[in-house]
Protein chains: 2
Amino acid sequence: MQARAAETLVRDFCAAWHRRDLDAIVAAMDVDIVYWNLPAPPVLGREAVRAFLVPLIRDTIAIEFELHAVAGSEAGDKVLTERLDRLTFPSGVLEIPVMGIFELRHGLITAWREYADFASIGEAVARLGVSLSPAPA
Amino acid sequence: MQARAAETLVRDFCAAWHRRDLDAIVAAMDVDIVYWNLPAPPVLGREAVRAFLVPLIRDTIAIEFELHAVAGSEAGDKVLTERLDRLTFPSGVLEIPVMGIFELRHGLITAWREYADFASIGEAVARLGVSLSPAPA
């Protein structure tokens, strides 16, 4: 895959987030995806990611990944992004400055690592009284 | 500047870090660089960055930016990286998983933003008994 095609795949993935379309989000992922919000433990596998995202999609009113920069590696197997993620809850807006890397194979996302300041997110989450963790089973 | 040339500029910048060559590090920066370790306040201007980096260069034995991914934007004005930064002090090694973005103009770095988990860095810094802040004037 060329760098530009890989970038388009990631832009389409972000568009699925903007629609809060969980099926489309998960369909872009390899079954064995490693989704890692450092320094939390990684979420392993597409179905675990779906379970992780259900409460987020349910509890938000709007989601926007404002893409400040996107660049695909020369080999087309990695796409790096700088974003401002904006999650709107009934109680307010959570803005997360973040960089993320997407690893691709056969047109699917095999790994997604997110780098952000965890304490800042935790403070905002507490202030809004929301949860970013999966609902208890 | 093409994406690949921009990537080479950033690789050369990392090489200057590996030599702990403060003059070469600073020479790669625009005089008005904005160097921002989120969520700390940005360091504004090349001379302020030099003052910020003096104690780091002085107190480390070795510095390595292990580049896991590098990608230049199509326009060649931005380079995004995923790295494991390894700072070796006499008291031990500080490893920082980080993504960083470099904005370039006329072959110089005009902005450098780093995304990492601040609390993790703070804990490691405390454990090693080192400082990452500028020495008091």
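Reference entry: report on the structure contained in this document. Here the structure is a predicted model, which is why all the values come from computation and not from measurement. (Residues numbered from 1 in each chain as written. Chains lettered and ligands numbered in written order. Predicted model: local features only at pLDDT ≥ 70, side-chain atom pairs only at ≥ 80, totals over all residues. Heavy atoms only, no water.)

**Some remarks on the pairing of strand E4 (residues 78–89) of chain B**
Residues and elements named next belong to chain B.
So, point 1. Taking burial as the measure, the twelve residues of E4 include ten buried ones, the bulk of the element.
So, point 2. Inspection of the sheet shows strand E3 (residues 62–72) paired to E4 by ten bridges, in the antiparallel sense. Its bridge partner lying in E4, Leu67 is registered against Arg83.
So, point 3. Here E3 folds back onto E4 in antiparallel fashion, the turn holding five residues, of which Gly76 has a positive phi close to 75°.
So, point 4. For E4 and strand E5 (residues 92–105), the ladder comprises twelve bridges, and the chain directions are antiparallel. Looking at E5, one finds that Leu87 is bridged to Leu94. (Buried < 20%, exposed > 50% of the residue type's maximum accessible area, 1.4 Å probe, protein only. Helix = DSSP H or I, 4+ residues; strand = E, 2+ residues; numbered from the N terminus. Pairing = 2+ DSSP bridges.)

**Concerning the relation of the copies chain A and chain B**
So, point 1. Of the transformation superimposing chain A on chain B, the axial component is 0.0 Å and the angular component is 180°, with the fit at an RMSD of 0.0 Å. With respect to symmetry, the two chain copies, as superposed, fit the operation of a two-fold axis. For chain A, the minimum C-alpha distance to the rotation axis belongs to Asp117(A) and amounts to 2.2 Å. (Least-squares fit on C-alpha atoms with pLDDT ≥ 70 in both.)

**Here's the deal with the environment of Arg113(A)**
So, point 1. Looking at the secondary structure, you find Arg113(A) in strand E6 (residues 108–115).
So, point 2. Taking the relative accessible area as the measure of exposure, Arg113(A) reaches 14% and is therefore buried.
So, point 3. Excluding its chain neighbours within four sequence positions, the residues that come into contact with Arg113(A) are Trp36(A), Leu38(A), Met99(A), Gly100(A), Ile101(A), Glu103(A) and Glu82(B).
So, point 4. There is a polar contact of 2.7 Å between the side chain of Arg113(A) and the side chain of Glu103(A). (Contact = heavy atoms within 4.5 Å. Polar contact = N/O pair within 3.5 Å; in protein donor to acceptor, adjacent residues only side chain to side chain.)

**Description of the packing of aromatic side chains**
So, point 1. For the coordinates displayed, the defined rule picks out 16 aromatic pairs over all chains.
So, point 2. Here the aromatic rings of Tyr35(B) and Phe52(B) are separated by 5.8 Å at their centres, their planes lie at 75°, and the arrangement is edge-to-face. Of this pair, Tyr35(B) sits in strand E1 (residues 29–37) while Phe52(B) sits in helix H3 (residues 46–59), placing them 17 residues apart in sequence.
So, point 3. The class for Tyr35(B) is buried, based on a relative accessible area of 5%.
So, point 4. Members of the aromatic cluster, connected to one another through ring pairs, are Phe13(A), Trp17(A), Tyr35(A), Phe52(A), Phe65(A), Phe102(A) and Trp112(A).
So, point 5. Against the face of Phe65(A) rests Arg83(A), its NZ or CZ located 4.7 Å from the ring centre. (Phe/Tyr/Trp six-rings, centres within 6.5 Å; stacked < 30°, edge-to-face > 60°. Lys NZ or Arg CZ within 6 Å of the ring centre and 35° of its normal.)

**Re the sheet that holds strand E6 (residues 108–115) of chain B**
Residue and element names in this part refer to chain B.
So, point 1. The sheet built from six strands is open, its strands ordered E2-E1-E6-E5-E4-E3 with mixed pairing. Where the open sheet ends on each side, the last strands, each with one partner, are strand E2 (43–44) and E3.
So, point 2. Along the sheet face, H3 touches E1, E2, E3 and E4 and points at about 60° away from the line of E1. (Axes fitted to C-alpha atoms, helices over the stretch in contact; angles between N-to-C directions.)

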